[in-house]
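# An overview of the molecular structure
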Amino acid sequence: MIAYIAIGSNLGKPDQKALAAIEALKQAEGISVTAASSLYSSKPMGPADQPDYINAVVEITTTLDPIRLLDTTQAIELEHGRERKEERWGPRTLDLDILLYGDRVIDEPRLTVPHYGMKVREFVLYPLAEIAPDLTLPDGSRVQALLTQVDRNGLTVWSAPVEGTA
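Below is a summary of the structure that appears in this document. Computed from a predicted model, the values in this text were never measured in an experiment.

### A look at the nonpolar core
Within the largest apolar cluster, 28 residues are counted, with the highest numbers of intra-cluster contacts made by Ile7, Leu25, Val58, Ile60 and Leu69. Secondary structure elements with two or more residues in this core: strand E1 (2-9), helix H1 (14-27), strand E2 (31-36), strand E4 (53-62), helix H2 (66-79) and strand E5 (95-101). Ranked by the residues each element gives to this core, the list is headed by H1, at five residues. Other than its neighbours up to four places away in sequence, Ile60 contacts Met1, Ile2, Ala3, Ile5, Ile31, Ser32, Val33, Thr34 and Leu69.

Pasting the structure below:
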């Protein structure tokens, strides 16, 4: 199954956290990273009194079912110091979100796919379009068309695409 995972961090050394997350995904059982976007710098969503984020998106192939993939991404977050708090959109060491899982639509208590905010978040759409420019979402929306509706909001490329994806 092809899936896409968004990566975000704004605490500690966020660029290193994002790269470490990609490495952890490469090492995870049942996952192969097939493409990784550049790292992007973005303004924080939510409270403005926090550092800017580093974001990326990876394409993976996986033999894991969606909930096992979620368990794996959450374990990687915890390994990198993630603390789940009540505050939404607050600062975090690492955030991994499953954006898409094939063309499946999933609405379960622990997991909603496609990710509910992906169509309006520049820090998701631009990295996603970089690695999957012709992608069509399960609802028929094309990533390229969505880009025309979302402002960059200060989003800039932080570094070139990640080397060594399978």
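Back to the write-up after that little detour.
### Points about the side chain of Ser9
Within the element layout of this structure, Ser9 appears in strand E1. If near-sequence neighbours (up to four positions away) are discounted, Ser9 is found in contact with Pro14, Lys17, Asp52, Tyr53, Ile54, Arg92, Thr93 and Leu94.

### Brief notes about the packing of aromatic side chains
Evaluated as defined, the whole model comprises zero aromatic pairs. Sitting over the face of the ring of Tyr126, Arg152 holds its NZ or CZ atom 4.4 Å from the ring centroid.

### Points about the environment of Asp139
Tracing the backbone through its elements, the reader meets Asp139 in the loop between helix H3 (122-131) and helix H4 (143-147). Asp139 sits 25 residues away from Pro114 along the chain, and the two C-alpha atoms are 9.2 Å apart. Side-chain polar atoms of Asp139 contact the side chain of Ser141, separated by 2.8 Å.

### Focus on the pairing of E5
For a regular strand, the rule is simple: side chains alternate between the two faces of the sheet. Burial within E5 is extensive, with six of its seven residues counted as buried. Bridge analysis of E1 against E5 gives six bridges, and the strand direction is antiparallel. Residue pairing in the sheet places Ile5 in a bridge with Ile98 of E5.

Basis of the calculations
Residues numbered from 1 in each chain as written. Predicted model: local features only at pLDDT ≥ 70, side-chain atom pairs only at ≥ 80, totals over all residues. Heavy atoms only, no water. Core = buried A, V, L, I, M, F, W, Y, C linked by side-chain atoms within 4.5 Å. Buried < 20%, exposed > 50% of the residue type's maximum accessible area, 1.4 Å probe, protein only. Helix = DSSP H or I, 4+ residues; strand = E, 2+ residues; numbered from the N terminus. Contact = heavy atoms within 4.5 Å. Phe/Tyr/Trp six-rings, centres within 6.5 Å; stacked < 30°, edge-to-face > 60°. Lys NZ or Arg CZ within 6 Å of the ring centre and 35° of its normal. Polar contact = N/O pair within 3.5 Å; in protein donor to acceptor, adjacent residues only side chain to side chain. Pairing = 2+ DSSP bridges.

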